[in-house]
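Take a look at the letters that make up each chain.
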Amino acid sequence: MKIATYNINGINGRLTNLLRWLEEAGPDVVCLQELKCTDNQFPEKILMDFGYHAIWQGQQSWNGVAILSRYGEIQETKRGLDGDPDDTHSRYIEAFINGVVIGCLYLPNGNPYPGPKFDYKIKWLMRLIAHSQKLLTFGLPVALIGDYNIMPTALDTYKPEKYINNALFRPEARQLWEELLKDGWTDAIRQLYPDQRIYTFWDYLREAYGRNAGLRLDHFLLNQPLHERLVRAVVDADVRGWPHSSDHAPVWIELAESR
DNA sequence: ATGCCTAATGCAATTAGA
């Protein structure tokens, strides 16, 4: 089972890239973030023609998350996180697919720090943790996948000193990430590559991709039953070099089928 | 401190991204 995450940065503006990558990579499940489209604008038909069922939570101009699946109709289990009835951002959608609970998330960026956006990020992360603890009690395989907008350690950025006061690298966010790991979640990429510099995002500015001035922001957190099935983890970094690419690259993991 | 780039909105310039 091949599960991917891809911050597409505008699904309609980059549909050609998305379809090309879907054909070349052939993932079974895809978590998408930053759709930047309303529910009506989501390209459901085209994706169906390419063999993918979809569920999505759109929003005008910003945010927006979706899950694509080649396993047929998708059983949605949740949309949005509990804990803030005034939260209007489309950032979380969850489904039960092929025996796995898959949460697709787009964590708030949180810049500038300090400020209300950073406070929103931290609160959102605490709401995610509360929900993740509930998921752990079910005894099912669970993956929390998406753009976390967190660099967990100095290994996850080309220049840590530049990011000291950046919301992506602030201790407040990284400590909450550590709390997730303490609860029993495994960072799939770091599990397989503990010492390597691996990036999933390269800024559009100053030829960041050409200089490999990247950040690791897109993560797979796996609970114990799923962690045992982890076979591979790959960043399709070349996709970031395609014309009109998103500033993120697709990332995917391969899971052994359950016995 | 700002621009460098890109998208959406909407048709100029702003907001947001990370």
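Each value, and the rule that gives it
- Residues numbered from 1 in each chain as written.
- Chains lettered and ligands numbered in written order.
- Predicted model: local features only at pLDDT ≥ 70, side-chain atom pairs only at ≥ 80, totals over all residues.
- Heavy atoms only, no water.
- Salt bridge = Lys/Arg side-chain N within 4 Å of Asp/Glu carboxyl O.
- Helix = DSSP H or I, 4+ residues; strand = E, 2+ residues; numbered from the N terminus.
- Buried < 20%, exposed > 50% of the residue type's maximum accessible area, 1.4 Å probe, protein only.
- Disulfide = S-S within 2.5 Å.
- Pairing = 2+ DSSP bridges.
- Axes fitted to C-alpha atoms, helices over the stretch in contact; angles between N-to-C directions.
- Contact = heavy atoms within 4.5 Å.

With the rule as written, the count across this model stands at twelve salt bridges. Of the charged contacts, one joins Arg 79 and Glu 76 as a salt bridge, the two residues approaching to 2.7 Å between their closest N and O atoms. Of the charged contacts, one joins Asp 156 and Arg 190 as a salt bridge, the two residues approaching to 2.8 Å between their closest N and O atoms. Of the two residues, Asp 156 is situated in the loop between β8 (142-147) and α4 (171-182) and Arg 190 in helix α5 (residues 188-192); the sequence distance between them amounts to 34 residues. For Asp 156, a relative accessible area of 0% gives the class buried. One network of salt bridges, with partners in common, ties together Asp 156, Asp 187, Arg 190 and Arg 216.

A few words now on the state of the cysteines. Going through the model one piece at a time under the given rule, you end up with zero disulfides. Left unpaired, Cys 31 is separated from the closest cysteine sulfur, that of Cys 104, by 4.2 Å. We classify Cys 31 as buried; its relative accessible area is 0%. Just so you know, Cys 37 is unpaired, no disulfide at all, and the nearest cysteine sulfur is the one on Cys 104, 13 Å from it.

Further remarks concern the sheet that holds strand β2 (residues 29-33). Read across the sheet, six strands follow the order β3-β4-β2-β1-β14-β13 without closing on themselves; strand pairing throughout is mixed. Strand pairing shows two members of the sheet lacking a second neighbour, β3 (53-57) and β13 (230-235), which therefore form its edges. Within this sheet the neighbouring strands show an average axis-to-axis angle of 15°, counted without direction. In this fold helix α1 (residues 15-25) packs onto β1 (2-7), β2 and β4 (65-69), with an angle of close to 160° to the strand it touches most, β1.

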